[in-house]
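# Tertiary structure, described
Next come the chains, spelled out residue by residue.
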Amino acid sequence: DAGVIQSPRHEVTEMGQEVTLRCKPISGHNSLFWYRQTMMRGLELLIYFNNNVPIDDSGMPEDRFSAKMPNASFSTLKIQPSEPRDSAVYFCASSPAGSGGANEQFFGPGTRLTVL
Amino acid sequence: QQPVQSPQAVILREGEDAVINCSSSKALYSVHWYRQKHGEAPVFLMILLKGGEQKGHDKISASFNEKKQQSSLYLTASQLSYSGTYFCGTDNSGGYQKVTFGTGTKLQVIP
């Protein structure tokens with residue numbers, strides 16, 4: 001299996017521009033997670049989906065952030081407009097179904113976002 | 001709420017042992033442990049589901065004290081490859097996989 005695929009791997013943009021990050025989860029996994037990692041705040045859960053449905057988006061920092069999962073093999077995280085404080089590494093992770101709901105999360109390689 | 005990890009950083013010589021602690025202010029459904037090497041994605045180590053459960057992975061093991069809302073990761077006879085940042089993740093959501101990660105413990109193993 002190819003693992004979780006994220007694109008782009010690096011993104012440099014200017015303040016005010018729209019940014020779209022993409023994720024393809026591992027085939028057969030039914031849960032998908034978006035995380036943001038910074039030195040100051042560590043690894044933060046932004047939103048997660050189960051069977052393509054958003055379950056908890058309480059970690060989304062503000063209305064400038066939105067996420068979609070139109071089908072089981074694709075998800076996007078959009079920032080509009082972007083700000084310098086959004087600079088971070090954004091990880092997508094997926095997880096299979098299993099007993100008790102506690103399963104290993106497989107992380108993608110991440111997208112390093114720099115907003116100038 | 002973010003779990004608290006200690007220590008924040010530790011330096012070991014090859015062959016030495018280390019313990020990383022993780023504590024939560026909320027009741028825990030499960031505890032997850034991951035390791036992240038610099039510039040890479042976090043990689044799963046183990047999940048502990050039940051109070052009192054202990055697991056092992058090579059020379060890395062963990063325990064889960066449900067009553068104390070704590071977990072500890074034990075690294076025995078450390079190897080250079082153990083270097084990285086270790087994160088505990090706690091699930092307080094009753095199994096809905098909402099994992100909140102701690103701030104991490106940076107471990108460096110030197111020859």
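Keep in mind that this is a model prediction, so the values were computed, not measured.

Now for the side chain of Gln37(A). Structurally, Gln37(A) can be placed in strand β4 (residues 31-38). Classification of Gln37(A) by relative accessible area gives buried; the value is 16%. Among the polar contacts listed, one links the side chain of Gln37(A) to the side chain of Gln36(B), at a separation of 2.8 Å. Once residues lying within four places of it in the same chain are set aside, the contact partners of Gln37(A) are Gly42(A), Leu43(A), Ala88(A), Val89(A), Phe91(A), Gln36(B) and Phe87(B).

Turning next to the sheet that holds strand β8 (residues 74-79) of chain A. All names here are of chain A. Taken in spatial order, the 4 strands make up an open sheet running β1-β3-β8-β7, and their pairing is antiparallel. For this open sheet the edge positions go to β1 (5-7) and β7 (65-71), each flanked by a neighbour on one side alone. In this sheet, neighbouring strand axes are inclined to one another by 15° on average, regardless of whether the strands run parallel or antiparallel. Across 5 bridges, the pairing between β7 and β8 is antiparallel. Bridge pairing in β8 links Ala67 to Leu77.

Here the focus is the state of the cysteines. Residues and elements named next belong to chain A. Evaluation of the coordinates by the stated rule reveals 2 disulfides over all chains. Between the sulfur atoms of Cys23 and its disulfide partner Cys92 the distance amounts to 1.9 Å. On the sign convention where negative is left-handed, the bridge of Cys23 and Cys92, at about -65° about the S-S bond, is left-handed. Of the two residues, Cys23 is situated in strand β3 (residues 19-24) and Cys92 in strand β9 (residues 88-95); the sequence distance between them amounts to 69 residues.

We now examine the side chain of Gln6(A). Residues and elements named next belong to chain A. By the element assignment, Gln6 lies in strand β1. The exposure class of Gln6 is buried, given its relative accessible area of 5%. A polar atom in the side chain of Gln6 sits 3.0 Å from the backbone oxygen of Tyr90. In terms of polar contacts, Gln6 uses its side chain to reach the backbone amide nitrogen of Gly110, at 3.0 Å. Among residues more than four places away in sequence, those in contact with Gln6 are Arg22, Trp34, Tyr90, Phe91, Cys92, Gly108, Pro109, Gly110 and Thr111.

Calculation notes
Residues numbered from 1 in each chain as written. Chains lettered and ligands numbered in written order. Predicted model: local features only at pLDDT ≥ 70, side-chain atom pairs only at ≥ 80, totals over all residues. Heavy atoms only, no water. Helix = DSSP H or I, 4+ residues; strand = E, 2+ residues; numbered from the N terminus. Buried < 20%, exposed > 50% of the residue type's maximum accessible area, 1.4 Å probe, protein only. Polar contact = N/O pair within 3.5 Å; in protein donor to acceptor, adjacent residues only side chain to side chain. Contact = heavy atoms within 4.5 Å. Pairing = 2+ DSSP bridges. Axes fitted to C-alpha atoms, helices over the stretch in contact; angles between N-to-C directions. Disulfide = S-S within 2.5 Å.

Shape descriptors only; they carry no functional weight alone.
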